[in-house]
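Chain residues, written in single-letter form:
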Amino acid sequence: LVLVAMFEAIAAREGRENAYAVLRPMVERTGKCSLRAMYQVDGLTRCDGDVFENFKRFHLAMFDADVTQQLYPNTQTDEGDHFATTVHRCANVDIFTELGYPELGPFGCDHDLGGYAAITDEVQAEFRRPCTIAKGSDRCEFRFYRAGTAPDTELIDGVPVEWHAGLNR
């Protein structure tokens, strides 16, 4: 609701499209802190065993637990050095659309872009997300690869990985 209030205040002066552009960097920066806390990265990297495997188990369990809440209904795959979660419905999109602010649905995507860029080095992973519901697809695909194994052809939100490199600052 705070985002909605900020969005409304900025949109009243600058227009809805500009309001999103003003808030997006803030949401990306917030993701750097909140995903770090959500995944408990400091503890995760100190756990015994392979850091990537620890991250994978945490991620898969987190999304598996959410299936009962139906916020982000999903299916998952685990192929060793690559695992993926495909989300079939996005609560962010549903909630912002219901509130009358469908253009705010991508804030969840922006949050993830900033957050995963900030933690993947520590968890020895590479993040790819070729599509999201908020940006027009019928699903969100979260793909993680062991560091150094992601194909060069994978995209993040439909654009090349290099475009997103600045988010890790």
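Rules used in this analysis
- Residues numbered from 1 in each chain as written.
- Predicted model: local features only at pLDDT ≥ 70, side-chain atom pairs only at ≥ 80, totals over all residues.
- Heavy atoms only, no water.
- Patch = residues over 30% accessible without salt bridge, like charges linked within 9 Å, V, L, I, M, F, W, Y side chains within 5 Å.
- Areas by Shrake-Rupley, 256 points an atom, 1.4 Å probe, with all protein chains shown as cover.
- Salt bridge = Lys/Arg side-chain N within 4 Å of Asp/Glu carboxyl O.
- Buried < 20%, exposed > 50% of the residue type's maximum accessible area, 1.4 Å probe, protein only.
- Core = buried A, V, L, I, M, F, W, Y, C linked by side-chain atoms within 4.5 Å.
- Helix = DSSP H or I, 4+ residues; strand = E, 2+ residues; numbered from the N terminus.
- Contact = heavy atoms within 4.5 Å.
- pLDDT = per-residue confidence, 0-100.

1. Some words on a nonpolar patch on the surface
So, point 1. There is a patch of nonpolar side chains on the surface, built from Leu1, Ile95 and Leu99 and spanning about 340 Å² of accessible area.
So, point 2. For Leu99, a relative accessible area of 42% translates into the label partly exposed.

2. Considerations on the nonpolar core
So, point 1. Counting 24 residues, the largest nonpolar core has Tyr39, Phe55, Tyr116, Val123, Phe142 and Phe144 as the members making the most contacts within it.
So, point 2. The set of elements that each furnish at least two residues to this core consists of helix 3 (41-46), helix 4 (51-66), strand 2 (82-87), helix 6 (107-119), strand 3 (125-128) and strand 4 (140-146).
So, point 3. Excluding anything up to four places from it in sequence, Phe55 contacts Tyr39, Leu44, Phe83, Tyr116, Ile119, Val123, Ala125 and Phe144.
So, point 4. Judged by nonpolar contacts, the second largest core, of twelve residues, contains Tyr20, Val27, Leu104 and Phe107.

3. Observations concerning the confidence of the model for the chain
So, point 1. Per-residue confidence for the chain gives a mean pLDDT of 89; residues scoring 70 or more make up 91%.
So, point 2. Predicted confidence for residues 163-169 stays below pLDDT 50, and this span has 14 contacts to residues more than four positions away or in other chains.

4. Regarding helix 5 (residues 91-98)
So, point 1. Among all positions in helix 5, only Ala91, Val93 and Phe96 are buried.
So, point 2. Buried positions along helix 5 lie against helix 1 (2-14).
So, point 3. Backbone geometry just after helix 5 places Gly100 at a positive phi near 95°.

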